[in-house]
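# Secondary and tertiary structure notes
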Amino acid sequence: AIIDSLSVRVDAGELVAIVGPSGCGKTSFLRMIAGLESPTRGQLRLSDGPMDRPKIAYVFQDSTLLPWRTVVENIVLPLELAGKSGRQSYQAAEEALRLVGLRDDDAAKFPRMLSGGMRMRVSLARAVVTHPQVMLFDEPFAALDDLLRSRLNEEILRLWKDQQWTGVFVTHHVSEAIFLSKRVIVLTDRPARIAEVFDIPFEYPRSASLRTTPAFNQIVEKIVAQLRGGER
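Since this is a predicted model, take the numbers as computed values, not measurements.

### What to know about the pairing of strand β6 (residues 194-199)
Bridge count between strand β5 (residues 183-187) and β6: five bridges; the pairing is antiparallel. Bridge assignment links Val184 to a residue of β6, and that residue is Phe198.

### A closer look at the packing of aromatic side chains
According to the stated counting rule, one finds six aromatic pairs in the structure shown. Summarising the aromatic geometry, the rings of Phe141 and Phe169 are spaced 6.2 Å apart at their centres and angled 45° between planes, so their arrangement reads as tilted. One end of the pair, Phe141, is in the loop between β3 (134-138) and α5 (146-163); the other, Phe169, is in strand β4 (residues 166-170), and 28 residues separate them in sequence. Take Phe141 and Phe169: they sit in the same class, and that class is buried. Between Phe202 and Phe216, the ring centres sit 6.1 Å apart and the planes meet at 25°, which makes this aromatic pair stacked. Taken together, the residues Phe202 in the loop between β6 and α7 (214-229) and Phe216 in helix α7 connect sequence positions 14 residues apart.

### Observations regarding the environment of Glu14
Residue position: Glu14 is located in the segment before β1 (15-19). Along the backbone, Glu14 and Phe141 are 127 residues apart, and their C-alpha atoms lie at a distance of 20 Å. Contacts of Glu14, omitting those with residues within four sequence positions, involve Arg9, Trp160, Trp165, Thr166, Gly167, Lys182 and Arg183. Only 3.0 Å separates the side chain of Glu14 from the backbone nitrogen of Asp11, close enough to count as a polar contact.

### Digging into the nonpolar core
Ranked by internal contacts, the top residues of the largest apolar core, which has 53 residues, are Ile75, Ile178, Val184 and Ile223. Ignoring any residue separated from it by four or fewer positions in sequence, one finds Val184 in contact with Ala17, Val19, Ala177, Ile178, Glu196, Val197, Phe198, Ile200 and Ile223. Counting residues in hydrophobic clusters, the runner-up holds 17 residues, among them Ile18, Phe29, Leu30 and Tyr58.

### Topic: the pattern of salt bridges
In this structure the tally under the stated criterion is 13 salt bridges. Between Arg149 and Glu176 there is a salt bridge, and its shortest N-O distance comes to 3.0 Å. Separated by 27 residues along the polypeptide, Arg149 in helix α5 and Glu176 in helix α6 (residues 174-180) bring together distant segments of the chain. The closest approach of N and O atoms between Asp162 and Arg158, which form a salt bridge, is 3.8 Å. Residue Asp162 and its partner Arg158 are located together in helix α5, separated by four residues, close to a single helical turn. Relative accessible area serves as the criterion here: at 45%, Asp162 is assigned to the partly exposed category. Given the relative accessible area of 31%, Arg158 is considered partly exposed.

Conventions used here
Residues numbered from 1 in each chain as written. Predicted model: local features only at pLDDT ≥ 70, side-chain atom pairs only at ≥ 80, totals over all residues. Heavy atoms only, no water. Pairing = 2+ DSSP bridges. Helix = DSSP H or I, 4+ residues; strand = E, 2+ residues; numbered from the N terminus. Phe/Tyr/Trp six-rings, centres within 6.5 Å; stacked < 30°, edge-to-face > 60°. Buried < 20%, exposed > 50% of the residue type's maximum accessible area, 1.4 Å probe, protein only. Contact = heavy atoms within 4.5 Å. Polar contact = N/O pair within 3.5 Å; in protein donor to acceptor, adjacent residues only side chain to side chain. Core = buried A, V, L, I, M, F, W, Y, C linked by side-chain atoms within 4.5 Å. Salt bridge = Lys/Arg side-chain N within 4 Å of Asp/Glu carboxyl O.

Encoded structure:
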């Protein structure tokens, strides 16, 4: 089994991070939430009430942009797939482009003309353009340098505050997990179980300087110690 006896509750509007050893099942768990895979046992519910399945957006490790489409055409793609087209959809895509910190003159560029950080911003814009209720992140900034990662972490928190979605963020980067989330869920090696859940005590909004405080680094050390204790 990849995952065994894993029980997690994420409340509406909460931002939770998941860390654990490579190959322990973090991405598989995320894909189950997205409906891309099904559990062989147990139950996964996305609502306690009678509401329909919430609208979900998934941000992958790679930007997964279509090279033959411009930036704005990539952002508008999920709206087109949902049967929405026309000027209104392109206006929504242009608004999402600005929301993630890109300029209007970036809209006509092709992915090959963008830096890695800009491509990830386009990927974020493509996710938020649908106004999702749930955002799933699968190590989206793993290939970026620490400075750019930190800036995009701040963008994530700004988008979360503005759009008020529920977020699940998978990462190997412990500082990133702490900076973003209300709780950090540490998984064991395969089959994945919950080793420990860390409540993060810092209030939002969070500034970059938080990462340099003793309290922040104490939590980093505790989570790293938990991860190392679970290594085989």
